[in-house]
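# An overview of the molecular structure
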Amino acid sequence: ADCRYTCHQECRSLIQLDCRRPGQCQGQLSPENTLLSPCSQNVTQTVEEKPEPLTIQEIKQKIEKYNAKVTNCLLMKLNDDGTYTGFIKVHLKLRRPVTVPAGIRPQSIYDALREVNLADMTAKRTSFYLPLDAVKQLHISSSTTVSEVIQGLLKKFMVVDNPQKFALFKEMRKDGQVLFQKLPLTEYPLYLRLLAGPDTDVLSFVLKENETGEVEWDAFSIPELQNFLMILDKEEKDKIQQVHRKYERFKQRLQQTLKEARGKPG
């Protein structure tokens, strides 16, 4: 409260501060966990200041600048009321299986036009893994929120899991590092796309499991939880087998080396 020291919630238990005077940094990090000298460098704030809303003229200029850099015809379009539409690509990096209706035929154009929800046609459910790093392109407006993007993605893949199990992240590259930041549900992805430009190396969107402790486990059904346990058990057995095979190969090479060395002098 006095020195305004800021850290990630996960790092809180590692921080040891002993501030005696307001405005002065007298605390010390534990030696084994010291990354920065507390008094020598500023600590990045976890809360970003919201920029001032753009005027219609500023939006128009940014859209023109954005479209000038587009090479795939996925342009943004400004509407008369000041809103705009465009495309975003979302990478799906889900490590856990998702729940979908069982025995459902693929959605037809007729179903899409009538907005038919095929998931409501059966109570049967099954779980499977979505392809790792699958990419889905969405056409959205400047008023589409992160929450609506998540729900739209789940609907397109006919995923019936609770949307609160998932979170949308923005992926940025800086100084050779890949940085992820979870987006609040009320954020507007198309606005972020407009500010960053069309280059996905500068900014891209990723759908991942919600790992921040905000998952409501009551939303999972008993079969889903049992399925998670089965998956963890399988992964544990696979890891044990990998370790056994690794050291078995090492043992064989060591025995072969000793066998060859017995007949050599010295």
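Residues numbered from 1 in each chain as written. Predicted model: local features only at pLDDT ≥ 70, side-chain atom pairs only at ≥ 80, totals over all residues. Heavy atoms only, no water.

Per an unreviewed UniProt entry, the protein goes by Ras association domain-containing protein 5 and derives from Campylorhamphus procurvoides. Taken from UniProt, the Subcellular location (unreviewed entry) comment for the protein reads in full: "Cytoplasm, Cytoskeleton". (UniProt positions renumbered as here; feature names shortened; annotations may be inferred.)

So, about unusual backbone geometry. Unlike most non-glycine residues, Cys-73 shows phi in positive territory, near 70°. Mapped onto the fold, Cys-73 is located in the loop between helix H1 (56-69) and strand E1 (77-78). Residue Cys-73 is classed as exposed on the basis of its relative accessible area, which comes to 69%. Its identity as a non-glycine residue notwithstanding, Met-158 has a phi of 55°, on the positive side. Secondary-structure assignment places Met-158 in the loop between helix H3 (146-156) and strand E6 (166-174). (Helix = DSSP H or I, 4+ residues; strand = E, 2+ residues; numbered from the N terminus. Buried < 20%, exposed > 50% of the residue type's maximum accessible area, 1.4 Å probe, protein only.)

Turning our attention to H1. Between the first and last C-alpha of H1 there are 20 Å, a value that for 14 residues agrees with the 20 Å anticipated at 1.5 Å per step. Taken residue by residue, H1 has Ile-59, Ile-63 and Tyr-66 as its buried positions. End-on view of H1: buried residues confined to an arc of 65°, all on one side of the axis. Exposed residues pointing more than 90 degrees away from the buried face of H1 are listed as Lys-65 and Ala-68. (Expected span 1.5 Å × (residues − 1). Arc of directions from axis to C-beta.)

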